[in-house]
Amino acid sequence: KNEVEQSPQNLTAQEGEFITINCSYSVGISALHWLQQHPGGGIVSLFMLSSGKKKHGRLIATINIQEKHSSLHITASHPRDSAVYICAVYPGGSQGNLIFGKGTKLSVKP
Amino acid sequence: DVKVTQSSRYLVKRTGEKVFLECVQDMDHENMFWYRQDPGLGLRLIYFSYDVKMKEKGDIPEGYSVSREKKERFSLILESASTNQTSMYLCASSLWWVPGQGPTNTGELFFGEGSRLTVL
């Protein structure tokens with residue numbers, strides 16, 4: 001069962017391009033996380049969303065609860081944005097059992 | 001600077017050995033988690049704790065146990081390591097959060113750097 005689906009699985013972009021990573025989920029949720037993992041590195045939380053939109057620097061995350069869909073956008077991409085981006089959802093009422101997507105591997109070429 | 005610290009970055013153990021992975025957080029977080037990460041499978045929850053001495057099984061608890069005697073420390077124990085437990089183990093922590101609660105509690109997850117365990 002794939003309750004959280006991310007697309008694309010792999011993405012190569014040129015520096016400066018606008019990037020969108022998508023996350024669709026099939027369960028009712030109370031919130032959604034976007035996480036970033038650099039090669040060999042730990043995982044950093046980028047956003048936690050339960051509605052609407054959040055922005056941090058060049059990163060924007062949106063969520064549509066009715067459509068069970070979230071997007072992560074990166075504006076003016078840079079090689080340092082190269083990482084795996086992971087979507088994870090909290091099923092309704094749960095603080096423990098996050099359901100993770102398999103990640104989107106982004107490579108930004110100079 | 002907030003921190004989740006895992007005791008070992010790399011471990012090599014033999015089949016049948018008992019393995020302890022320790023995780024310490026300095027943020028006074030209620031929630032602590034142990035995950036394993038495998039290629040193609042993503043992150044999977046092993047155990048979760050929301051308070052001292054409290055624990056809940058995750059998706060893959062078999063072969064693992066946990067201990068939370070103090071709020072800041074959450075230990076993962078492999079009683080008898082097996083080769084299929086070779087993996088990257090990640091600890092995380094977060095505040096107990098309520099959807100829609102004020103901006104100081106975003107429910108953000110903080111991860112450790114990971115412990116790569118190889119069982120021979």
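Look up a bit, the structure's there.
All of the points below concern the structure found in this document. (Residues numbered from 1 in each chain as written. Chains lettered and ligands numbered in written order. Predicted model: local features only at pLDDT ≥ 70, side-chain atom pairs only at ≥ 80, totals over all residues. Heavy atoms only, no water.)

This brings us to the interface of chain B and chain A. Reports of interface size often rely on the accessible area that becomes lost once the parts have come together. Taken together, the contact between chain B and chain A spans 23 residues of the former and 20 residues of the latter. Roughly 1,800 Å² is buried in total at the junction of chain B and chain A, and carbon and sulfur atoms are behind 56% of that figure. Inspection of the region where chain B meets chain A yields zero salt bridges. Where chain B touches chain A, the interface holds one residue pair in polar contact (both at pLDDT 80 or more). Contributions of two or more residues to the side of chain B that touches chain A are made by β4 (31–38) and β5 (42–51) of chain B. At four residues, β4(B) tops the list of elements feeding residues into the side of chain B that touches chain A. Here the side of chain B that touches chain A is built from residues that sort into 13 nonpolar, six polar and four charged. (Contact = heavy atoms within 4.5 Å. Buried area = accessible area lost by both parts, 1.4 Å probe. Salt bridge = Lys/Arg side-chain N within 4 Å of Asp/Glu carboxyl O. Polar contact = N/O pair within 3.5 Å; in protein donor to acceptor, adjacent residues only side chain to side chain. Helix = DSSP H or I, 4+ residues; strand = E, 2+ residues; numbered from the N terminus. Nonpolar A, V, L, I, M, F, W, Y, C, P; charged D, E, K, R; others polar.)

Attention now goes to the side chain of Ser115(B). Residue and element names in this part refer to chain B. Within the element layout of this structure, Ser115 appears in strand β11 (residues 115–119). Looking at Ser115, the relative accessible area reads 1%, which means it is buried. At 3.1 Å, the side chain of Ser115 and the side chain of Gln6 are in polar contact. Once residues within four sequence positions are removed from consideration, Ser115 is found in contact with Gln6, Ser8, Arg9, Leu11, Leu21, Ser87, Met88 and Tyr89. (Buried < 20%, exposed > 50% of the residue type's maximum accessible area, 1.4 Å probe, protein only.)

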